[in-house]
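Residue strings, one per chain:
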Amino acid sequence: GEEVAQTPKHLVRGEGQKAKLYCAPIKGHSYVFWYQQVLKNEFKFLISFQNENVFDETGMPKERFSAKCLPNSPCSLEIQATKLEDSAVYFCASSQQSHTGELFFGEGSRLTVL
Amino acid sequence: EDKVVQSPLSLVVHEGDTVTLNCSYEVTNFRSLLWYKQEKKAPTFLFMLTSSGIEKKSGRLSSILDKKELFSILNITATQTGDSAIYLCAWGNYGQNFVFGPGTRLSVLP
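Keep in mind the model is a prediction, meaning the values are calculated, not measured. (Residues numbered from 1 in each chain as written. Chains lettered and ligands numbered in written order. Predicted model: local features only at pLDDT ≥ 70, side-chain atom pairs only at ≥ 80, totals over all residues. Heavy atoms only, no water.)

1. Thoughts on the overall build of chain B
Item 1. For chain B, the count of helices and strands is zero helices and eleven strands.
Item 2. Start at the N end of chain B and walk to the C end: the helices and strands fall as β-β-β-β-β-β-β-β-β-β-β.
Item 3. Computed over C-alpha atoms, the radius of gyration of chain B comes to 13 Å, within 12% of the 13 Å expected from 2.2 N^0.38 for 110 residues, which places it in the range of a compact globule.
Item 4. Dimensions of chain B along its principal axes, counting C-alpha atoms only, are 40 × 25 × 20 Å.
Item 5. Each of the 110 residues in chain B was classed as buried or not, and the buried ones make up 45%.
Item 6. Restricting to contacts in chain B with at least 6 residues of sequence separation, those with at least 24 account for 54%.
Item 7. When the accessible surface of chain B is totalled, it reaches about 5300 Å², and 50% of it is carbon and sulfur.
Item 8. One finds the centroid of the 11 positive side-chain charges in chain B at a distance of 6 Å from the centroid of its 10 negative side-chain charges. (Helix = DSSP H or I, 4+ residues; strand = E, 2+ residues; numbered from the N terminus. Rg over C-alpha atoms; globule rule 2.2 N^0.38 Å. Buried < 20%, exposed > 50% of the residue type's maximum accessible area, 1.4 Å probe, protein only. Contact = heavy atoms within 4.5 Å. Areas by Shrake-Rupley, 256 points an atom, 1.4 Å probe, with all protein chains shown as cover. Lys, Arg positive; Asp, Glu negative; His and termini not counted. Charge placed at Lys NZ, Arg CZ, Asp CG, Glu CD.)

2. Considering unusual backbone geometry
Item 1. With an omega of -10°, the peptide bond running from A:Thr7 to A:Pro8 counts as cis.
Item 2. Tracing the sequence through the fold places A:Pro8 in the loop between β1 (5-7) and β2 (10-13).
Item 3. A cis geometry characterises the amide bond from B:Ser7 onward to B:Pro8, with omega recorded as -10°.
Item 4. Within the secondary structure, B:Pro8 is located in the loop between β1 (3-7) and β2 (10-14).
Item 5. Unusually for a residue other than glycine, B:Leu70 sits at a positive phi of about 65°.

3. A look at the sheet that holds strand β8 (residues 75-79) of chain A
All names here are of chain A.
Item 1. Reading across the sheet, the four strands line up as β1-β3-β8-β7 and stay open at both edges, with antiparallel pairing between neighbours. Strands at the two margins of the open sheet, each flanked by one partner only, are β1 and β7 (65-68). On average, each strand axis in the sheet is inclined to that of its neighbour by 15°, with strand direction left out of account.
Item 2. Two strands pair when backbone bridges link them, and strand β3 (residues 19-24) and β8 are joined in this way by five bridges, in the antiparallel orientation. Counterpart to Lys20 in the pairing with β8 is Glu78. (Pairing = 2+ DSSP bridges. Axes fitted to C-alpha atoms, helices over the stretch in contact; angles between N-to-C directions.)

4. Regarding the interface of chain B and chain A
Item 1. Taken together, the contacts link 25 residues of chain B with 22 residues of chain A.
Item 2. Buried area between chain B and chain A, both sides added, is near 1900 Å², and the carbon and sulfur share of it is 58%.
Item 3. Our count for the contact surface shared by chain B and chain A stands at zero salt bridges.
Item 4. Remark: the boundary between chain B and chain A carries three residue pairs in polar contact (both at pLDDT 80 or more).
Item 5. Taken together, the elements giving at least two residues each to the side of chain B that touches chain A come down to β4 (30-38), β5 (44-49), β9 (85-93) and β10 (98-100) of chain B.
Item 6. At five residues, β4(B) tops the list of elements feeding residues into the side of chain B that touches chain A.
Item 7. When the residues that make up the side of chain B that touches chain A are grouped by side-chain class, the tally is twelve nonpolar, eight polar and five charged. (Buried area = accessible area lost by both parts, 1.4 Å probe. Salt bridge = Lys/Arg side-chain N within 4 Å of Asp/Glu carboxyl O. Polar contact = N/O pair within 3.5 Å; in protein donor to acceptor, adjacent residues only side chain to side chain. Nonpolar A, V, L, I, M, F, W, Y, C, P; charged D, E, K, R; others polar.)

5. What about the pairing of β8(A)?
All names here are of chain A.
Item 1. The buried count for β8 comes to five of five residues, which makes it a mostly enclosed element.
Item 2. Both faces of β8 are covered, namely the face carrying Cys75, Leu77 and Ile79 and the face carrying Ser76 and Glu78.
Item 3. Two elements, β7 and β8, share four bridges in a ladder whose sense is antiparallel. Across the sheet, residue Ala67 finds its bridge partner in β8, namely Leu77.

6. Some points on the state of the cysteines
Residues and elements named next belong to chain A.
Item 1. Inspection of every chain in the model, using the stated rule, returns three disulfides over all chains.
Item 2. Each disulfide pairs two cysteine sulfurs, and for Cys23 the partner residue is Cys92, the sulfurs being separated by 1.9 Å. The sign of the S-S torsion, about -60°, decides the handedness of the disulfide formed by Cys23 and Cys92: left-handed. Of this pair, Cys23 sits in strand β3 while Cys92 sits in strand β9 (residues 88-95); the two residues are 69 residues apart in sequence, bridging distant segments of the chain. (Disulfide = S-S within 2.5 Å.)

So, to be careful, I would describe these as geometric facts and stop short of saying anything about function.
Set out below in structure tokens:
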């Protein structure tokens, strides 16, 4: 597609429940990034992919967060056993050729954990 | 650890004013700098800078990079209320991700 598509736009989960977010990058873009933004504060890098391979996962909380980018499927970010502090907007971005080129952002998925 | 600092964190001006937003960094192996404008939802791209001293312009917005002094500025002339937003800078290095600054929240009053 011509834009990064993220679903769902909003997701509400009770503490301890699982949350799964999806991202379809722009067609032809090889790099996908996930960022977490809490209360319009800093963008915290979570993980990046080059095609289906993890490129950098230094920002991922080790225990409850996982992510995948499989061929012919949207990328996904999954949070097991959500906590209150996971409430945030999760942005996906894609990049065409190099991980240092322009990032194109999706509209974000707002996760609210109650 | 790579770090990006933006100043001021918050700024209130009146329409017609000119503003200068600052972004400095401590990033190893610098490769590129990106400026974004974030209003309600997704950040929208403004500029990508890779070389020192070359000003990039788009309408009333312009930006320049100083790789020696490790900073960049974003200028907005003749501000309008539609310029009210959070302005983010992000540094790309030869690693695998972009490091974002905390953003500058600009409010332009009529």
